[in-house]
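Spelled out, the chains give:
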Amino acid sequence: MAKPAAKITIKGLKCDADGCGFIDPDAPCDESQVGRACPKCGASLLTDADMANVRLLQFVASALNAEVGPVADEAQYVMLHWRTDGSGNLKILKIEEEE
Ligand SMILES: [Zn+2]
């Protein structure tokens, strides 16, 4: 058995407006959400700039899988926790090995 070398799991949207704090933990992070207004403050929950970062990360995972190919099921994933802020900035918050 084998599994993909890289995979991306993106789940939920968080409002980036100062002091808002709205979170929709179950929202998909895809094109359908671009420009969706925050129900609490009206700011965009997913900007075009953030969606471009999502596409970039998906491209990187796809390119890695095409280059490296499947890896053994025993191989450990390294998890990158990241966030965007609506501006197009992409910040890696944490890097950890899969449990
Ligand atoms: Zn908000």
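An account of the accompanying structure is given in this report. (Residues numbered from 1 in each chain as written. Predicted model: local features only at pLDDT ≥ 70, side-chain atom pairs only at ≥ 80, totals over all residues. Heavy atoms only, no water.)

**Some points on a nonpolar patch on the surface**
Rule in force here: Each patch groups residues whose relative accessible area exceeds 30% and which form no salt bridge, using 9 Å between like charges and 5 Å between nonpolar side chains of Val, Leu, Ile, Met, Phe, Trp and Tyr. Computed by Shrake-Rupley with a 1.4 Å probe, the accessible areas treat only the displayed protein chains as cover when residues are assessed. One side-chain nitrogen of Lys or Arg within 4 Å of one carboxyl oxygen of Asp or Glu is enough to make a salt bridge. Segments assigned H or I by DSSP are reported as helices when at least four residues long, segments assigned E as strands when at least two residues long, and all are numbered from the N terminus. Per-residue accessibility, obtained with a 1.4 Å probe over protein chains only, is compared with the maximum for each type, and a residue is labelled buried under 20%, exposed over 50%, and partly exposed between these values.
Judged by side-chain polarity, L56, F59, V60, L64 and V68 come together as a nonpolar surface patch covering roughly 460 Å² of accessible area. Mapped onto the fold, L56 is located in helix α1 (residues 48-68). Judged by its relative accessible area of 43%, L56 falls in the partly exposed class.

**Notes on the coordination of the zinc ion**
What counts is decided by this rule: Keep in mind that water is not among the atoms, so a site may look incomplete; donors are the N, O and S atoms within 2.8 Å of the metal, or 3.2 Å for Na, K and Ca. Every geometry call rests on angle ranges, with four donors termed tetrahedral when all angles are between 85 and 135 degrees, four termed square planar and six termed octahedral when opposite donors are over 155 degrees apart and all others are between 65 and 115, and everything else termed irregular.
On the protein side, the zinc ion has C15 (SG), C20 (SG), C38 (SG) and C41 (SG) as donor atoms, found 2.2 to 2.3 Å from it. Considering all four donor atoms around the zinc ion, the spread of angles at the metal, 103 to 115°, places the coordination shape in the tetrahedral class. Every donor residue of the zinc ion comes from the same chain, spaced as C-x4-C-x17-C-x2-C. Taken as a pair, C15 in the loop between β2 (13-14) and β3 (23-24) and C38 in the loop between β3 and α1 lie far apart in primary sequence, 23 residues in all.

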